[in-house]
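Structural overview for review
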Amino acid sequence: MRQILSLVAASLFSLIPATGHAMTILRLDTNLILYGPVVREDLAPFRQELSRAPVKHVVLAESRGGDLTAAYGIAELIRKNNINTSVKGYCVSSCAVMFMAGTERQIIEEKNYKKTILGFHAPHNKETKEISVNGVPKLRDYILKTSGGKFPPELLDKAMNIRDASDMLIFYYPEEGKQSVWFCPAGAKPRPKGCEKLEGDALSAGVLTTLDRLNVATLDPKPSKTEEGKEPEDPVNSASEK
């Protein structure tokens, strides 16, 4: 069976709305796939999807973050509705905020899963890139709460006490014998080898709730009796975009 998220990634440019600014939301049965930049207006369509039909799982893919207010709002809806989250590709800044709201949190099983990253840093002004000192306590408390108190203080300090808006604490999928946590200051090259190595991993830090990688085939809606034996429909074409 073809993998849903691989097809979504391949169709990324053709599926992004004409404005090029809003996050794209795709529905597949009880699953929502979110990718692209997060803007203030994304909260309303996400809320509408929840009211339209049940949602059990949110996949976050290829997002460099964006509006933190919208991310907090979406995260609260994910938390209140006991929705699981998973990630494909890069999910940093506000995207990671939404990811952390999931009841269960996993990385997608796919060819390039080793390149998947989750990135955290202090909030900042989108226009001026100035660090929002007043917003740090809320984000710090949020990360501690959603990680079940597991997020190490020294890693949290690295993420919150930054000098540049592009500084980032990043987590890769943890594998035995391989470095998986890095602090990358702005301009560090190559990434991640040009970054600072840090102790820990995404599981012990409470970022992931399991090391089991999610097989996206399990997100496919079950075929009805009349559909059994037929060629499965292209999951991207069958998804509805909002």
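Residues numbered from 1 in each chain as written. Predicted model: local features only at pLDDT ≥ 70, side-chain atom pairs only at ≥ 80, totals over all residues. Heavy atoms only, no water.

So, on to the state of the cysteines. On inspection of all chains with the given rule, the structure shows two disulfides. The residue that forms a disulfide with Cys91 is Cys95, at a sulfur-sulfur distance of 2.1 Å. Between Cys91 and Cys95, the disulfide has an S-S torsion of -105° and is therefore left-handed. According to the relative accessible area criterion, Cys91 is buried, its value standing at 0%. Assigning the bonded cysteines of the protein consecutive numbers by sequence position, one obtains the connectivity 1-2, 3-4. (Disulfide = S-S within 2.5 Å. Buried < 20%, exposed > 50% of the residue type's maximum accessible area, 1.4 Å probe, protein only.)

What follows is about helix α3 (residues 43-52). What α3 keeps buried is the set Leu43, Phe46, Glu49 and Leu50. Down the axis of α3, the buried side of the element spans an arc of 125°, and every buried residue falls inside it. Every exposed residue of α3 that faces more than 90 degrees away from the buried side is listed here: Gln48 and Ser51. Buried residues along α3 sit against β1 (24-28), β2 (31-35), β3 (57-63) and α4 (68-80). (Helix = DSSP H or I, 4+ residues; strand = E, 2+ residues; numbered from the N terminus. Arc of directions from axis to C-beta. Contact = heavy atoms within 4.5 Å.)

Bringing the nonpolar core into the picture now. Counting residues in each nonpolar core, the largest one holds 54 residues, and the members touching the most others are Phe46, Phe99, Phe120, Tyr142, Leu169, Phe171 and Val207. Top contributing element to this core by residue count: α4, with seven residues. (Core = buried A, V, L, I, M, F, W, Y, C linked by side-chain atoms within 4.5 Å.)

Turning next to the packing of aromatic side chains. Enumeration according to the criterion identifies five aromatic pairs in this entry. Measuring from centroid to centroid gives 5.7 Å for Tyr72 and Tyr142, while their planes differ by 75°, and the two rings are edge-to-face. Of this pair, Tyr72 sits in helix α4 while Tyr142 sits in helix α6 (residues 136-146); the two residues are 70 residues apart in sequence, bridging distant segments of the chain. Judged by its relative accessible area of 14%, Tyr72 falls in the buried class. Consider the rings of Phe120 and Phe151, whose centres lie 5.7 Å apart with planes at 70°: the pair is edge-to-face. Taken as a pair, Phe120 in strand β6 (residues 117-120) and Phe151 in the loop between α6 and α7 (153-160) lie far apart in primary sequence, 31 residues in all. A residue is classified by how much of its surface remains accessible, and Phe120, at 3% relative accessible area, is buried. With a relative accessible area of 1%, Phe151 lands in the buried category. Three or more aromatic residues joined by ring pairs form one cluster here, namely Phe120, Phe151 and Phe171. Here the guanidinium or amino end of Lys158 rests over the ring plane of Phe183, the centre of that ring lying 5.1 Å away. Above the face of the Tyr113 ring, Arg213 is positioned so that its terminal group lies 3.9 Å from the ring centre. (Phe/Tyr/Trp six-rings, centres within 6.5 Å; stacked < 30°, edge-to-face > 60°. Lys NZ or Arg CZ within 6 Å of the ring centre and 35° of its normal.)

Note that every value here comes from positions in space, so none of it alone points to a role or purpose.
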